[in-house]
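Tertiary structure, described
The residues making up each chain are set out below.
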Amino acid sequence: MKAIEIRNKYLKFFERHGHKIIPSSSLIPENDPSVLFTTAGMQPLIPYLLGGKHPEGTRLTDYQKCVRTVDIEDVGDNRHLTFFEMLGNWSLGDYFKEESIQMSYDFLTKELNIPVEKISVTCFAGDEDAPRDEVSAKCWEKAGIPKERIYFFGKENNWWIAGNEGPCGPDTEMFYDTGKPACGPNCDPSCDCGKYVEIWNNVFMEYFKHPDGTYSKLKQRNVDTGLGLERMTMLLQGKETPYEIELFLPVMDRLKELAKVDNINSRRIVAEHLRSSMMIICDGGRPSNIERGYILRRLIRRMTRHLRKLEINLDEIGNLVDIYVETLKEMYPELVTNKNTIKEVLIEEKNKFVKTLENGEREFNKAVEKAKKEGKTKIDGQTVFNLYETYGFPQEITVELAKEQGMEVELEQFDKLFKEHQEKSRLGSEQKFKGGLAEQNEKTIAYHTATHLLHKALKLVLGDHVAQKGSNITTERLRFDFSHPQKVTPEELKKVEDIVNEQIQRDLPVVCEEMSLEEAKKSGAIGLFENKYGEKVKVYTIGDFSKEICGGPHVEHTAQLGKFKIKKEEASSSGVRRIKAVLE
Ligand code: SER
């Protein structure tokens, strides 16, 4: 059975059971600032789970586009996907456990014709917050699942909540037995050896979890279910991975034809990230340095990197998009109307990344030179990590290039730094970025870098007495206060402007390094607000032009800034001048 047939069967089945079919919401949540993407079918329905009246009634069903990005680095194995479709049905204070379980049982065994012997289920074992879910277990038994295939587990397996607070409850999950041998005597559905694959999750949402960790009862008892379409399709087709189903096959086959290097993981990564990026762009997402834009950027970069690894010409991206649109248009007709935009965004971002990689290679060469001069045979992990973080320069490329130079790479230290970084971005994609970064966007980041250039240019033109006294950045302009005893003349301003623009045109790489405050000062970095910094500081170096202690973030290379223009010069306070400038 094809994915679309499963989808249609599902919607029709629930329609027959009194559900209204509602359309899939955008991948980009409209009114929910707590998540970057729609991660589950229930997300757009939260207001109604909490008791709001849904215009379509109390029984709903849909197919929902979802993106989950916690596992980006795992994509490439045989099961993780960042984009997937979730089929769902909801009771908003309508039916509860018995009817829900009966419908699931009937759909699986009568509509999809899954032999009942292949199905196991799990229920909530109970704890201080909610009782053991004997009711669900009884319902399963009554429906036809023998007792020995009904398992009980605690919150870690059988409790569902999106994030840390909100509507939630015990769930009952259905598992498909792939027929693989058990991995040991204790193998059960909670084991991820691959014998049991979760296929459907019915959440009995009658609780609300508060930020302090306590639970209260919701106004109404809801049911929220989710069935992953790609996974179900794969199982029904007897395939080992989702990449073998019709949604991925045409692109997977084409990648195999094009690749000069045989690497199944890379082909999967390209196929998965391309589809995911296309869907995100289609719903209005655009690459950037923050939040969902950053996730999209990472997806496109990782895809590009693996295309390179496969030695596939990057100009093929457009053709691969065509293949996907053809493959998926029946399921997502919006891809057809947005095809050109999707291509444009992907290609532009790919070009940026290629440039970044080139800059990274330059930086890499410098690092090698330095290491060689110092008589070292290894490139230290911090350098490898900086290349990764600032240039998105993949570790495996660094290793490869190092090898060509007869050098090794200190991977242990890199791994440690990388893990810390991963943890940070995991937190970042689960909750939204907190604090300063929340106000950051491409514009303010660009102004931030421009401020460094301006600072240095002022020192060059006016003298070394120039020191930063204040800085304020909005998306419209930068404002920079600095010590200088008299008015800056128009000629001097013109010189400053020209110097900044020259540095922009030189397209200097912006590199971030971490070091102790002492090392930073020794390196000649300009130190601002010194007493605010802890032991370790970040030093941003812009080519050979500027070096400054700063928390960041910054652009990756100066050409990203555009044209720099000083709009105003005025007195700020005694001995302090103020410049306002824009990037055009
Ligand atoms: N919200 C649950 C899930 O995402 C069921 O829809 O699995």
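As the structure is a prediction and not an experimental result, all values here were calculated from the model.

1. Concerning the pairing of strand β16 (residues 546-549)
In terms of strand pairing, strand β15 (residues 536-542) meets β16 through 4 bridges, oriented antiparallel. By the bridge assignment, T541 is partnered in β16 with K547. What sits between β15 and β16 in their antiparallel hairpin is a turn of 3 residues, with G543 showing a positive phi close to 50 degrees.

2. Digging into the pattern of salt bridges
Under the criterion given, the structure shown has 36 salt bridges. Of the charged contacts, one joins D106 and K110 as a salt bridge, the two residues approaching to 3.1 Å between their closest N and O atoms. Of this pair, D106 and K110 both sit in helix α3 (residues 97-111), 4 residues apart, which is roughly one turn of the helix. On the basis of relative accessibility, which here comes to 15%, the residue D106 falls in the buried class. A relative accessible area of 56% means that K110 is categorised as exposed. Between R506 and D544 there is a salt bridge, with the nearest N and O atoms lying 3.0 Å from each other. Here the residue R506 occupies a position in the loop between α17 (490-505) and β14 (510-516), and D544 occupies one in the loop between β15 and β16, the gap between them amounting to 38 residues. Using a relative accessible area of 61% as the deciding quantity, one classes D544 as exposed.

3. Structural notes on the site of the ligand
Taken together, A40, M42, R68, M86, W160, N201, V203, D224, T225 and G226 make up the full set of residues near the ligand. Between the ligand and N201 there is a distance of 3.1 Å, counted from an oxygen atom to a side-chain nitrogen or oxygen. In the environment of the ligand, an oxygen atom lies 3.2 Å from a nitrogen or oxygen atom belonging to the backbone of T225. With the chains in place, 95% of the 230 Å² that the ligand exposes on its own is no longer accessible.

4. Re the sheet that holds β14
In a beta sheet, neighbouring strands are held together by backbone hydrogen bonds and run either parallel or antiparallel to one another. Spatially, β14-β15-β16 is the arrangement adopted by the 3 strands of the open sheet, whose pairing is antiparallel. The sheet terminates laterally at β14 and β16, the two strands that pair on one side only. Going from strand to strand, the sheet's axes swing by 25 degrees on average, the running direction of each strand aside. Across 7 bridges, the pairing between β14 and β15 is antiparallel. Bridged to V511 within β15 is T541.

5. Brief notes about the packing of aromatic side chains
Summed over all chains, the structure comprises 21 aromatic pairs. Centroid distance F96 to F204: 5.5 Å. Interplanar angle 65 degrees. Geometry classified as edge-to-face. Of this pair, F96 sits in the loop between β3 (83-92) and α3 while F204 sits in strand β8 (residues 196-209); the two residues are 108 residues apart in sequence, bridging distant segments of the chain. The exposure class of F204 is buried, given its relative accessible area of 0%. Aromatic pair F385 and F414: ring centres 6.3 Å apart, planes at 55 degrees, arrangement tilted. In this pair, F385 sits in helix α13 (residues 381-391) while F414 sits in helix α15 (residues 411-430), placing the two residues 29 residues apart along the sequence. One residue, R7, lies across the ring of Y63, its end atom 3.5 Å from the ring centre. Over the ring of Y196 we find K195, and its NZ or CZ is 5.6 Å from the ring centre.

6. A few points about helix α7 (residues 249-258)
For α7, the full list of buried residues reads V251, M252, L255 and L258. Buried positions in α7, seen along its axis, are confined to an arc of 130 degrees and lie on one side of it. Structural note: α7 exposes K256 and E257 on the side pointing more than 90 degrees away from its buried face. Looking at the buried residues of α7, the elements they touch are α8 (264-282), α9 (291-309) and α10 (317-328).

Analysis parameters
Residues numbered from 1 in each chain as written. Predicted model: local features only at pLDDT ≥ 70, side-chain atom pairs only at ≥ 80, totals over all residues. Heavy atoms only, no water. Pairing = 2+ DSSP bridges. Helix = DSSP H or I, 4+ residues; strand = E, 2+ residues; numbered from the N terminus. Salt bridge = Lys/Arg side-chain N within 4 Å of Asp/Glu carboxyl O. Buried < 20%, exposed > 50% of the residue type's maximum accessible area, 1.4 Å probe, protein only. Near = heavy atom within 4 Å. Polar contact = N/O pair within 3.5 Å; in protein donor to acceptor, adjacent residues only side chain to side chain. Areas by Shrake-Rupley, 256 points an atom, 1.4 Å probe, with all protein chains shown as cover. Axes fitted to C-alpha atoms, helices over the stretch in contact; angles between N-to-C directions. Phe/Tyr/Trp six-rings, centres within 6.5 Å; stacked < 30°, edge-to-face > 60°. Lys NZ or Arg CZ within 6 Å of the ring centre and 35° of its normal. Arc of directions from axis to C-beta. Contact = heavy atoms within 4.5 Å.

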